[in-house]
Amino acid sequence: MADTTDNTVTGEANPVPRRSSWRYIGPGIVVAATGVGAGDLVATLIAGSNFGYTLLWAAVIGCLVKISLAEAAGRWHLSTGSTLFDGWASLGRWTTWFFAVYVVIWGFVYGAAAMSSSALPLQALFPDVMDLEWWAIACGLVGLVFVWFNKYAVFEKVMTLLVGVMFVVTVYLAIRVTPNLGDALAGLLPVLPDEKDSVLNTLGLIGGVGGTITLAAYGYWVNAKGWTDTGWMKVMRLDNRVAYITTGIFVVAMLFVGAELLHSANVAIASGDKGLVQLSDILADEYGSATAKFFLIGFFATSFTSLIGVWHGVSLMFADFVARYRDRGGAADSGREVASGSRERSWPFRVYLLWLTFPPMVLLFQGQPFRLVIIYGVLGAAFLPFLAGTLMWLLNTSRTPAQWRNGPLSNAMLAIAGLLFLVLCVKQIWDQPWSEFF
């Protein structure tokens, strides 16, 4: 028999399980689906294409690093009853300024990228229906309407369905290319390729496996599920592990495809989402048009889950940001407000939804402004070091109840994550063409 606790601002009692159970899984599926976009899959494909199975261990470590970050975010929400932005705000005004600039610029550029990524497989499936830009607009509008009119429960069910499609497609392809299991097992040994810049390429693969702002959104989805106190901690941890085991299956399957289909034949594909369209052509030549179309359906599921996941999760974060800015005294009930669904009906949530959808449509036709793209790249690279560092700060101080503060393993994983993302951030900033910026 389950205990009950008051988990919403409406006073309704949600059952709190005595032990974790698979039937409660949900937010983890959402964060896995949102975090693994087409860019992650093509990066893993290229790693398999260039290095075979050599970097399989790096993909696995990438999943372990993200488990630690998402678990820390979820633990903060459940142990304090506050949201992540409450924690950030307690660290000083600098966090508010960083997040405000980041969420505006990042949302503007990401909106166009997400719509284009979802449109590419649709145009490949239906080339004569309309141009890529109009497919992209259609995807953005469908995402807007879906998130606008549905609360978390429906959102989670649709995401789970699309994850099922992704899972079936990626696992089918991995089996279809007949992986060499002996070489794959050898790839679990931490060996670096002999090629130039292999260290940075390896760090990039580790850092890119499902690593986005959606790691921070995980705590908000935990609250939206109705999990608002420590009675749900074991469930959250199981849910989080399921998320990144699922992510690991996705990326390992695509690395198998890259290693067997591309590396063995010495075939190179383009970086970015267009590389997946190129892969569909290769699949059509090797296995027939049915397999290619099946892959494109999985490609669409991967891209569209990232789109609606960001439309929902980052809009929740923005709504909380505005609420905390307007009413700093109301922080204690913020987790319950997310759980009640009031954030999903708030005007800041819907304003940010509109921001993600309509202004980026200009970029679909005019291209991305050069300076804006540089700022977007720098801010994006800086966010994950910011997340890892602030979570370590919050979870090792009196802001977190003593029972739920970081232990040695959590601190070690967050430190590794912070150092990894800091190195990648410095590389990203260094690689920007600053001489052309001014």
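Residues numbered from 1 in each chain as written. Predicted model: local features only at pLDDT ≥ 70, side-chain atom pairs only at ≥ 80, totals over all residues. Heavy atoms only, no water.

**Topic: helix H2 (residues 38-51)**
A rise of 1.5 Å per residue sets the reference length of H2, with its 14 residues, at 20 Å; its end C-alpha atoms lie 20 Å apart and thus fit the reference within 8%. With respect to burial, H2 is a largely interior element, 10 of its 14 residues being buried. Turning to H2, its buried residues are Ala 38, Asp 40, Leu 41, Val 42, Thr 44, Leu 45, Ala 47, Gly 48, Ser 49 and Phe 51. (Helix = DSSP H or I, 4+ residues; strand = E, 2+ residues; numbered from the N terminus. Expected span 1.5 Å × (residues − 1). Buried < 20%, exposed > 50% of the residue type's maximum accessible area, 1.4 Å probe, protein only.)

**Structural notes on the nonpolar core**
One finds Trp 88, Trp 311, Phe 383 and Leu 387 to be the most contacted residues of the largest nonpolar core, which totals 133 residues. Other than its neighbours up to four places away in sequence, Phe 383 contacts Trp 88, Phe 98, Tyr 102, Ile 213 and Ala 216. Judged by nonpolar contacts, the second largest core, of 8 residues, contains Leu 56, Ala 184, Leu 255 and Ala 259. (Core = buried A, V, L, I, M, F, W, Y, C linked by side-chain atoms within 4.5 Å. Contact = heavy atoms within 4.5 Å.)

**Section: the packing of aromatic side chains**
Under the definition given, this model contains 27 aromatic pairs. Note on Phe 85 and Phe 321: the rings are 5.0 Å apart at their centroids and 85° apart in plane angle, and the pair reads as edge-to-face. Here Phe 85, found in helix H4 (residues 84-90), pairs with Phe 321, found in helix H13 (residues 289-326); they are 236 residues apart in sequence, far enough to count as distant. (Phe/Tyr/Trp six-rings, centres within 6.5 Å; stacked < 30°, edge-to-face > 60°.)

**Side note on a nonpolar patch on the surface**
Taken together, Val 60, Leu 64, Leu 185 and Leu 188 make up a surface patch of nonpolar side chains, about 350 Å² in accessible area. In this structure, Leu 188 sits in the loop between helix H8 (181-186) and helix H9 (198-208). Here Leu 188 falls in the partly exposed class, since its relative accessible area comes to 43%. (Patch = residues over 30% accessible without salt bridge, like charges linked within 9 Å, V, L, I, M, F, W, Y side chains within 5 Å. Areas by Shrake-Rupley, 256 points an atom, 1.4 Å probe, with all protein chains shown as cover. Salt bridge = Lys/Arg side-chain N within 4 Å of Asp/Glu carboxyl O.)

**Side note on the packing of H2 against helix H11 (residues 233-263)**
Contact geometry of H2 with H11 gives a least axis separation of 7 Å together with a crossing angle of 40°. Taken together, the axes of H2 and H11 are oblique relative to one another. The chirality of how H2 crosses H11 is right-handed. Contact with H2, carried on its side by Leu 41, Thr 44, Leu 45, Gly 48, Ser 49, Asn 50 and Phe 51, involves Phe 250, Val 251, Met 254, Leu 255, Val 257, Gly 258, Ala 259, Leu 262 and His 263 of H11 and no other residues of that element. Looking at the contact of H2 with H11 residue by residue, the class counts come to 10 nonpolar, 6 polar and no charged. (Axes fitted to C-alpha atoms, helices over the stretch in contact; angles between N-to-C directions. Parallel < 35°, antiparallel > 145°, perpendicular 65-115°, else oblique. Left-handed = near helix turned anticlockwise from the far one by under 90°. Nonpolar A, V, L, I, M, F, W, Y, C, P; charged D, E, K, R; others polar.)

**Concerning the packing of helix H3 (residues 56-80) against H11**
At a minimum axis distance of 9 Å, the contact between H3 and H11 shows a crossing angle of 155°. Between H3 and H11, the angle is such that the two are roughly antiparallel. Handedness of the crossing formed by H3 with H11: right-handed. Each of Leu 56, Ala 59, Cys 63, Lys 66, Ile 67, Ala 70, Glu 71, Gly 74, Arg 75, Leu 78 and Ser 79 in H3 lies in contact with H11, whose residues at this interface are Met 233, Met 236, Arg 237, Asn 240, Tyr 244, Thr 247, Gly 248, Val 251, Val 252, Leu 255 and Phe 256. Residues of the contact of H3 with H11, tallied by class, amount to 13 nonpolar, 5 polar and 4 charged.

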